[in-house]
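If you want the building blocks of each chain, they are given just below.
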Amino acid sequence: TLHQGDASIDLMGLDDPNLFAYGNVENPVASVIHGMKQDNYTILLAHRPELFPVYAACGIDLTLSGHVHGGQARLPLIGGLVGPNQGLFPKYDAGYYCIEDSEMILSRGIGNSVIPIRFNNRPEIPLIILQSD
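Notes on the structure in this doc start here.

What counts, and where the lines are drawn
Residues numbered from 1 in each chain as written. Predicted model: local features only at pLDDT ≥ 70, side-chain atom pairs only at ≥ 80, totals over all residues. Heavy atoms only, no water. Helix = DSSP H or I, 4+ residues; strand = E, 2+ residues; numbered from the N terminus. Buried < 20%, exposed > 50% of the residue type's maximum accessible area, 1.4 Å probe, protein only. Contact = heavy atoms within 4.5 Å. Areas by Shrake-Rupley, 256 points an atom, 1.4 Å probe, with all protein chains shown as cover. Pairing = 2+ DSSP bridges. Axes fitted to C-alpha atoms, helices over the stretch in contact; angles between N-to-C directions.

**Remarks on the overall build of the protein**
Moving on, step 1. What the protein contains, in helices and strands, is three helices and 10 strands.
Moving on, step 2. Ordered by position in the sequence, the α and β elements of the protein form the string β-β-α-α-β-α-β-β-β-β-β-β-β.
Moving on, step 3. Looking at the 133 residues of the protein, the share that counts as buried comes to 39%.
Moving on, step 4. Partitioning the intrachain contacts of the protein with sequence separation of at least 6 by distance along the chain shows that 47% fall at a separation of at least 24.
Moving on, step 5. Carbon and sulfur atoms provide 56% of the accessible area of the protein, an area that totals close to 8300 Å².

**A short note on the pairing of strand 9 (residues 95-99)**
It is a general feature of regular strands that their side chains alternate between the two faces of the sheet.
Moving on, step 1. Here five bridges tie strand 9 to strand 10 (residues 102-106), and the two strands are oriented antiparallel to one another. Looking at strand 10, one finds that Cys-98 is bridged to Glu-103.
Moving on, step 2. Linking strand 9 to strand 10, which pair antiparallel, is a turn of two residues; within it Glu-100 sits at a positive phi near 50 degrees.

**Quick notes on the sheet that holds strand 3 (residues 41-46)**
Moving on, step 1. With respect to topology, six strands assemble into an open sheet ordered 1-2-3-4-10-9, the strand pairing being mixed. If you trace the sheet from one side to the other, it starts and ends with strand 1 (2-4) and strand 9, each paired once. Each strand of the sheet is rotated relative to its neighbour by a mean of 20 degrees, with strand direction disregarded.
Moving on, step 2. Sheet topology note: the strand 1/strand 2 (residues 7-14) ladder contains three bridges and is antiparallel. Across the sheet, the residue bridging to Gln-4 is Ala-7, located in strand 2.

Remember, this is a structural readout, not a statement about activity or role.
Below is the structure:
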């Protein structure tokens, strides 16, 4: 928990869930989050952006994620071409997403994945400024 005056922010991290051990990772991920979640504003560092609906349902305020590398190759007006665990034309490839009161910032990152190239997909490191109401 980070404190500034009377305000507190809980910072949580969630490693890449082992798909082979769990099969469906949604229930174990939700259980872990519910075990850590407090009443403060919560920032979750999560490897897998495709689980954003699970994070939102658990009451996470802000999720910071990566993993997809912007879809490796990006097509104009369409977006990312392929995303791990999402297949072709992934729903979550880069940028800002919102489900009700939960937000996610998904970075394209600066590196590559299994595919050693990036096409029409500039690297990025987002700058995030948190402001209270």
